[in-house]
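So the chains spell out like this:
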Amino acid sequence: MSASMNKAIIYQPSKTAMQSGRAKTRIWLLEFTRSLPMKPDALMGWTTQAETTQQLHLKFKERDDAIAYAEAHGISYEVREPRMAQVGPKAYAENFSFGKRKAFSGNA
């Protein structure tokens, strides 16, 4: 890797809107930030960039493994700690409680 390497971000991905579980959120990712601006291609008009490091998505089982990799390869990095969602306990009976919301009347 070159000495002019840009900064890397180390984080745990959040779950997508299509997931109800936490399956692919336990890994840690190391991704590089963009250091050069995007520019349109002369022939097709698509946006391109000269560097390919942004295409790298390195996966690690532990945060410390990702940090050790970055330090061993001389990559400057920023660690973004995950934010845990606070979900309170709910009971199925709350769906039918009278004080929760107005009952459906059909006249909106």
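Please refer to the structure placed before this passage.
Report on the accompanying structure.

### Structural notes on the nonpolar core
Point 1. Ala8, Ile10, Trp28, Leu30, Phe32, Phe60, Ala66, Ile67, Ala70 and Ile75 together form the largest nonpolar core, which totals ten residues.
Point 2. Listed by contribution, the elements that provide at least two residues to this core are β1 (8-11), β2 (28-32) and α1 (63-72).

### Some details on the layout of surface pockets
Point 1. Counted as a void, the largest pocket has a volume near 320 Å³.
Point 2. Residues belonging to the lining of the largest pocket are distributed by class as follows: five nonpolar, three polar and five charged.

### Notes on the packing of aromatic side chains
Two descriptors summarise a pair of aromatic rings, namely the distance from one centre to the other and the angle between the planes of the rings.
Point 1. Under the criterion given, the structure shown has one aromatic pair.
Point 2. Measuring from centroid to centroid gives 5.6 Å for Phe60 and Tyr69, while their planes differ by 45°, and the two rings are tilted.

### Looking at the sheet that holds β2
Point 1. Read from one edge of the open sheet, four strands run β5-β2-β1-β6, paired in mixed fashion. The open sheet terminates on both sides in strands that have one partner only, identified here as β5 (57-60) and β6 (77-80). If you compare each strand with its neighbour and ignore which way they point, the axes differ by 20° on average.
Point 2. Both β1 and β6 contribute to a ladder of four bridges, which runs parallel. Across the sheet, the residue bridging to Tyr11 is Arg80, located in β6.
Point 3. Packed on one face of the sheet, α1 meets β1, β2, β5 and β6 and runs near 170° to β6.

### What about the pattern of salt bridges?
Point 1. This structure, assessed with the given rule, holds four salt bridges.
Point 2. By sharing partners, the salt bridges in this structure join Lys7, Glu78 and Arg80 into a single network.

### Digging into the pairing of β1
Point 1. In this structure, β1 lies alongside β2, joined through four bridges in antiparallel fashion. Pairing of Ile9 across the sheet is with Glu31, part of β2.

Thresholds, definitions, all that
Residues numbered from 1 in each chain as written. Predicted model: local features only at pLDDT ≥ 70, side-chain atom pairs only at ≥ 80, totals over all residues. Heavy atoms only, no water. Core = buried A, V, L, I, M, F, W, Y, C linked by side-chain atoms within 4.5 Å. Buried < 20%, exposed > 50% of the residue type's maximum accessible area, 1.4 Å probe, protein only. Helix = DSSP H or I, 4+ residues; strand = E, 2+ residues; numbered from the N terminus. 1 Å grid on protein atoms, 1.4 Å probe; cavity = no way out; pocket = protein on both sides within 12 Å on 5 of 7 lines; lining within 4 Å. Points joined across faces, edges and corners; volume = space filled by probe spheres on them. Nonpolar A, V, L, I, M, F, W, Y, C, P; charged D, E, K, R; others polar. Phe/Tyr/Trp six-rings, centres within 6.5 Å; stacked < 30°, edge-to-face > 60°. Pairing = 2+ DSSP bridges. Axes fitted to C-alpha atoms, helices over the stretch in contact; angles between N-to-C directions. Contact = heavy atoms within 4.5 Å. Salt bridge = Lys/Arg side-chain N within 4 Å of Asp/Glu carboxyl O.

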